[in-house]
Amino acid sequence: MNPWPFQKEVVQRTKKALHSGFKAPCIVMPTGSGKTVVASTIIHSIMKQLGTDTGGRFLFLVHREELVHQTIATLKEIECEEHAGIIQSGVAGSPWAPIQVAMVQTLTKRLHKVDWLRPRVIFVDEAHHATAGTWRKIIQKWPKAFVIGMTATPARTDDKGLGFIFDKLIIGPGIQDLTPEYLAPVKLLAVDIDFISQASSLKMQSEHGRSGPVLAKVVETWLRHAKDKKTIFFGSDVEHSKAINEELLSHGIKSVHLDGDTNKQERRSKLEAVKRGDYQCVCNCRLFTEGTDWKEAECVVLATKTQSLTLYKQMIGRAMRRGVDKQAVVIDCGGNWYFLGLPDEDIEWSLEKGVLKDQVKSAASKVVQCESCGFVYSKTEDSCPLCAHVNTKPMPLEVDANVKEIKSEHQKPTKKKISSEIIATGGDIEKLKEIQKKYGYGHGWAWKMHKVYKFAWSKER
């Protein structure tokens, strides 16, 4: 394997940071730009310098089975596979190997049995997970080891920083720098299903999204704009993903649903079938945000809303791996673009603060949706680059009448309205539960309101 020039440059900057006294740098590169190649190149250069029997061991942490295989495949390309062992449930280990690719879940359970493992360098794939207890437990077992993180989004899913794990960000080239030579250019289309963007919970998104008219609109939009593209659909939850899959199947589309509870063997076989081309579409709920290297994916459909820039970037990155004459398509049904900006917008990350909210707001304010075709583009353009339409004054999103009905049925009430409805129950817990169900409030809301409004009801009596 011959790393690309920008990958070599990131390798050198990472090694320089370690030589300068930093103990835990975090490499930041877009999805599809070869972070594992960078890590493997660092391993290869150190082993070439010190040999396979000296200089300690390398520990490569991953959290999904698919990432184990991808890492081993990359090590094979740089001729290091024979020096690699795997720590994973059901897999025979190779304790003698200087490189250990470990499933976090498995290694956490075996920490009291791995005294033979003395890593000098710990690589953390998908480093935005490193703040979780299981990952930190592993890192803390070897406090003298160097830690090198790798991620496209150096922030937790709540967009907070990773500063208490890593001490320096190694920022690689951004999406715009790598397009179109190394990453596929992306086209963003916004679909006017605004009730999803206004839903107050994933449960509400799922309930609305599983209704016939809404499912039909999501799939019909995909058929209109990307029917020939290999596509990943992201649902709000597992049931929503299954419903989208059924709708696709009803149109004769070869589609499959996968989720975290899918049997390992079944998931493995279906993923292999996807990569063989047996399916055109994959429906999931956050399973494909990371850890699944389906290079052929050309389109992602966001049939869900997220407030997390980290999750947004992870989802859209699935379709941006380069290909001959490839253009990635993102169909956003949840209004995510309005708050989080264009898919290829370069973001300034902070080790302490994670996502800089003001910058995200600024990025989102620079784009506009075409009133004619739904294409989202920069406000610097005089007309839509896709259909040449010139926008008039901003107009509210248009929604099918039947979708509006669903929206109004579950629309969150004003504080004044909900307060009067609560007081009108007179403290009847069953009536409060009806309000809870009506507006999609979480479990326990009725009892909480029963306690909060107790004084109001006692005054009435």
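In this text the structure is predicted, and so the values were computed from the model without any measurement.

(A) Broad picture of helix α10 (residues 238–250). When the terminal C-alpha atoms of α10 are compared, their 19 Å separation across 13 residues agrees well with the 18 Å that a helix rising 1.5 Å per residue should span. Buried residues of α10: His240, Ser241, Ala243, Ile244, Asn245, Glu247 and Leu248, and no others. Those residues of α10 that are buried lie in contact with α8 (202–209), α9 (212–226), β9 (231–234), β10 (255–257) and β11 (281–284). Among the residues of α10, the N-terminal cap falls to Asp237, whose side-chain oxygen and the backbone nitrogen of Glu239 are separated by 3.3 Å. Gly252 sits one or two positions beyond α10 and adopts a positive phi of about 80°.

(B) Region of the structure containing the packing of helix α17 (residues 429–439) against helix α18 (residues 445–452). Packing of α17 against α18 brings their axes to within 8 Å, and their N-to-C directions diverge by 125°. Comparing the axis directions of α17 and α18 gives the class oblique. α17 and α18 meet at a crossing whose hand is right-handed. Of α18, the residues touching α17 (which contributes Ile429, Leu432, Lys433, Ile435 and Gln436) are Trp445, Ala446, Trp447, Met449 and His450. Along the lines of polarity and charge, the residues of the contact of α17 with α18 split into seven nonpolar, two polar and one charged.

(C) Highlighting the sheet that holds β10. If you trace the six strands from one edge of the open sheet to the other, you get β8-β13-β12-β9-β11-β10, paired in parallel fashion. Here the strands that pair on one side only, and so sit at the sheet edges, are β8 (186–190) and β10. Going from strand to strand, the sheet's axes swing by 15° on average, the running direction of each strand aside. By the bridge criterion, four bridges tie strand β12 (residues 299–302) to strand β13 (residues 328–332) in an arrangement that is parallel. Considered in β13, the bridge of Val300 is made with Val330.

(D) Quick peek at the packing of α9 against α10. Two elements in contact, α9 and α10, have axes separated by 10 Å at closest approach and are oriented at 60°. One finds that α9 runs oblique with respect to α10. Handedness of the crossing formed by α9 with α10: right-handed. Contacts between α9 and α10 involve Leu215, Ala216, Val219 and Trp222 from the former and Ala243, Ile244, Glu247 and Leu248 from the latter.

(E) Representation of the sheet that holds strand β5 (residues 119–125) within the structure. Spatially, seven strands are ordered β3-β4-β2-β5-β6-β1-β7 in an open sheet, and the strand pairing comes out parallel. Each edge of the sheet is formed by a strand with only one pairing partner; in this case those strands are β3 (84–87) and β7 (168–171). With direction set aside, neighbouring strand axes in the sheet form an average angle of 20°. Looking at chain direction, β5 and strand β6 (residues 146–151) are connected through five bridges and run parallel. Bridge pairing in β6 places Ile122 opposite Val147. Sheet strands touched by helix α1 (residues 5–19): β1 (25–28), β6 and β7. Its angle to β7, the strand with the most contacts, is close to 160°.

(F) A look at the side chain of Ser33. Here Ser33 is to be found in the loop between β1 and α2 (35–50). Using a relative accessible area of 0% as the deciding quantity, one classes Ser33 as buried. When residues no more than four places from it in sequence are discounted, the contact partners of Ser33 are Trp4, Phe6, Gln7, Leu178 and Leu183.

Basis of the calculations
- Along each chain, the written sequence defines residue order, and numbers are assigned to residues from 1.
- Given that the model is predicted, a residue must reach a pLDDT of at least 70 before its local features are reported, and side-chain atom pairs must reach 80 or more before they are shown or counted; all residues, however, enter totals for whole chains, interfaces and linings.
- As a convention, hydrogens and water are excluded, and side-chain values are obtained from all of the structure's heavy atoms.
- A run of H or I in DSSP counts as a helix once it spans at least four residues, and a run of E counts as a strand once it spans at least two, with each numbered from the N terminus.
- What a helix is expected to span follows from its residue count: subtract one and scale by 1.5 Å.
- Relative accessibility thresholds used throughout: buried, under 20% of the residue-type maximum; exposed, over 50%; partly exposed, between the two (1.4 Å probe, protein chains only).
- For this analysis, residues touch if any pair of their heavy atoms sits within 4.5 Å.
- The term polar contact refers here to a pair of N or O atoms within 3.5 Å; inside protein, the definition further demands a hydrogen-donor-capable atom paired with an acceptor-capable atom, and it admits residues adjacent in sequence only when both atoms are side-chain atoms.
- Axis angles are defined between N-to-C directions and span 0 to 180 degrees, where every axis is a line fitted to C-alpha atoms and, for a helix, only to the segment in contact.
- In what follows, roughly perpendicular refers to angles from 65 to 115 degrees, roughly parallel to angles under 35, roughly antiparallel to angles over 145, and oblique to any angle outside these ranges.
- Each crossing gets its handedness from the near helix: less than a right angle anticlockwise from the far helix is left-handed, clockwise is right-handed.
- Basically, the charged four are Asp, Glu, Lys and Arg, the nonpolar ten are Ala, Val, Leu, Ile, Met, Phe, Trp, Tyr, Cys and Pro, and anything else, Gly included, counts as polar.
- Should DSSP find at least two bridges between two strands, the strands are taken to pair.

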